[in-house]
Amino acid sequence: MSVLVYIENTDGQLKKSAFEVASYGKDIATQLGTEAIALAIGDISSDELTKLGNYGIAKVLHVSSADLKTFVNQAYASIIASAAKQHNASIVVLSNTFSGKGLAPRIATKLEAGLVAGATSLPTVSGDSFEVTKTAFSNKAIASVTVDSSIKVITINPNSYAATETGGSAQVEAFNAPVESSDFGTIVKDIVRATDKISLPEADIVVSAGRGLKGPENWAMVEELANVLGAATACSKPVSDAGWRPHSEHVGQTGIVVSPNLYIAIGISGAIQHLAGVSSSKTIVVINKDLEAPFFKVADYGIVGDAFVIVPKLIEALKAY
Ligand code: FAD
């Protein structure tokens, strides 16, 4: 029996969430008295993969082939399921990213496994059954879920489980996974990255703005604040719907769910659909000129005032700091 963790990378660099998933898988393996094995797919150097040893991973299975250089949902799911079978994995762990959300149900179907998406804690294991908490109803509730299938697939939200360095090194092994031509129903030919900016789902700090900013021409100060803080930028739905910002920045119930250490909301009212995507942030700072804005009810720190006055002052103060 083992725990298999799927490791994501961007252009050959392991993502921050990869280390979180590694730590989570290692901690479950410790509870079960077994080992955590990692699986990575793509053009990644051995030096990069051995870093996982420092997070409690003993062995890394590496799949590298020209066909699999870009993410192909069906093929990746087949490979992960096949590695889980070959290594007798009773638990498969992924990050609850765009790729993880697409892969997890496919893997669960192939393994006839129970699936928990968006777990927020380590499971309590009792025999074949495990109990774990997860967010429910757009983050408004925490559900406690019991899974008693013999194999379980679990995804954890980025930033919800700390990556802990343990020391140690991982052994990297090539893994030859059988993939069928039917696994390549969708082929991504090329990925052109639109921006070098910090990835929003994994960001430690997010600076987000809403309709209170009046128009796209006023986003320079949001970007400047984000640059000073080393933050990712985000926005409310009406802002991306209006084409002021790209849809990739839209957070909320119908957008990306983020859980950064710091979420700064500028000129956003705090409608429940927006809060659904941001309420698990560790610290929330709200800047709004309306004291009655609902966002203040969930804020850790609130500044009542005009964003066009406050944000430049904040940037100036941070630069002087
Ligand atoms: P507004 O509600 O217009 O608020 C603007 C805020 O800016 C106000 O609070 C105002 O006081 C403040 N303001 C104005 N001027 C200034 C200034 N100079 N300085 C400081 N503050 C100022 N929304 C999302 O964001 N994400 C979602 O995923 C999402 N999904 C939805 C799904 C459904 C099914 C539905 C029905 C709605 C969804 N919405 C979503 C929309 C949501 O209900 C709100 O309409 C939206 O979040 C409001 O965006 P906003 O706060 O930017 O704009």
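Thresholds, definitions, all that
- Residues numbered from 1 in each chain as written.
- Predicted model: local features only at pLDDT ≥ 70, side-chain atom pairs only at ≥ 80, totals over all residues.
- Heavy atoms only, no water.
- UniProt positions renumbered as here; feature names shortened; annotations may be inferred.
- Helix = DSSP H or I, 4+ residues; strand = E, 2+ residues; numbered from the N terminus.
- Expected span 1.5 Å × (residues − 1).
- Buried < 20%, exposed > 50% of the residue type's maximum accessible area, 1.4 Å probe, protein only.
- Contact = heavy atoms within 4.5 Å.
- Pairing = 2+ DSSP bridges.
- Axes fitted to C-alpha atoms, helices over the stretch in contact; angles between N-to-C directions.
- Near = heavy atom within 4 Å.
- Nonpolar A, V, L, I, M, F, W, Y, C, P; charged D, E, K, R; others polar.
- Core = buried A, V, L, I, M, F, W, Y, C linked by side-chain atoms within 4.5 Å.
- Phe/Tyr/Trp six-rings, centres within 6.5 Å; stacked < 30°, edge-to-face > 60°.

An unreviewed UniProt entry lists the chain under the name Electron transfer flavoprotein subunit alpha/FixB family protein, with Sphingobacterium litopenaei given as the organism. Listed in UniProt under the heading Sequence similarities (unreviewed entry), the comment for the chain reads: "Belongs to the ETF alpha-subunit/FixB family."

Caption draft 1: Structural context of helix H3 (residues 73–86). Between the first and last C-alpha of H3 there are 20 Å, a value that for 14 residues agrees with the 20 Å anticipated at 1.5 Å per step. Most of H3 is tucked away, with 11 of its 14 residues classed as buried. Listing the buried residues of H3 in full gives Asn73, Ala75, Tyr76, Ala77, Ser78, Ile79, Ile80, Ala81, Ser82, Ala83 and Ala84. Considering only its buried residues, H3 is in contact with strand S1 (2–7), strand S4 (35–41), strand S5 (59–63), strand S6 (89–95) and helix H4 (98–111).

Caption draft 2: The pairing of S6, seen in detail. A large share of S6 lies buried, amounting to seven of its seven residues. Pairing analysis gives four bridges linking S1 to S6, with the strands arranged parallel. Looking across to S6, one finds that Val3 is bridged to Ile91.

Caption draft 3: Spotlight on the sheet that holds strand S16 (residues 283–288). Pairing is parallel in the open sheet, where five strands are placed in the order S14-S13-S15-S16-S17. Each edge of the sheet is formed by a strand with only one pairing partner; in this case those strands are strand S14 (232–235) and strand S17 (301–304). Neighbour to neighbour, the strand axes of the sheet diverge by 15° on average, direction disregarded. Pairing of S16 with S17, which is carried by four bridges, proceeds in the parallel orientation. Note that in S17 the partner of Asn288 across the bridge is Val304. Helix-sheet contacts for helix H5 (residues 220–229) involve strand S13 (205–209), S14 and strand S15 (262–266), and the interaxial angle to S13 is about 175°. Against the sheet, helix H8 (residues 307–320) makes contact with S15, S16 and S17, and its axis sits at roughly 130° relative to S16, the strand it touches most.

Caption draft 4: Fine view of unusual backbone geometry. For Asp11, which is not glycine, the phi torsion reads 50° and is therefore positive. Tracing the backbone through its elements, the reader meets Asp11 in the loop between strand S2 (9–10) and strand S3 (13–14). Not every positive phi belongs to a glycine, and Lys214 is a case in point at roughly 75°. With respect to the helices and strands, the residue Lys214 is situated in the loop between S13 and H5.

Caption draft 5: Geometry of the site of the ligand. Among the 26 residues in the neighbourhood of the ligand, the closest are listed as Ser236, Thr254, Ser269, Gln273 and Asn288. Every element with two or more residues in the shell around the ligand is listed here: helix H6 (237–241), helix H7 (272–275) and H8. Classifying every residue of the shell around the ligand gives six nonpolar, 14 polar and six charged.

Caption draft 6: Fine view of the nonpolar core. Formed by 31 residues in total, the largest nonpolar core has its most connected members in Ile7, Leu14, Tyr24, Leu52, Ile57, Val93 and Ile154. If you list the elements that add at least two residues to this core, you get S1, helix H1 (16–32), S4, S6, strand S7 (114–119), strand S9 (129–136) and strand S11 (152–156). Here the element with the most residues in this core is H1; it accounts for seven residues. For Tyr24, the residues in contact, after removing those within four places along its chain, are Val93, Ala119, Ser121, Leu122, Pro123, Val132, Ile154, Ile156 and Tyr161. One finds Leu68, Val72, Ala77 and Ile80 within the second-largest nonpolar core, a separate group that totals 30 residues.

Caption draft 7: Quick peek at the side chain of Thr70. Relative to the elements of secondary structure, Thr70 occurs in the loop between S5 and H3. For Thr70, the contacting residues outside a window of four places in its chain are Tyr76, Val188 and Ile191.

Caption draft 8: Broad picture of the packing of aromatic side chains. Counted by the stated rule, this structure contains five aromatic pairs. An angle of 40° between the planes, with centres 4.7 Å apart, marks the rings of Phe19 and Tyr55 as tilted. One end of the pair, Phe19, is in helix H1; the other, Tyr55, is in the loop between helix H2 (46–50) and S5, and 36 residues separate them in sequence. Tyr55 shares its class with Phe19; the two are buried. Taking the centre distance of 6.0 Å and the plane angle of 65° together, the rings of Trp219 and Trp244 count as edge-to-face. You can see Trp219 sitting in the loop between S13 and H5 and its partner Trp244 sitting in the loop between H6 and S15, a full 25 residues away along the chain.

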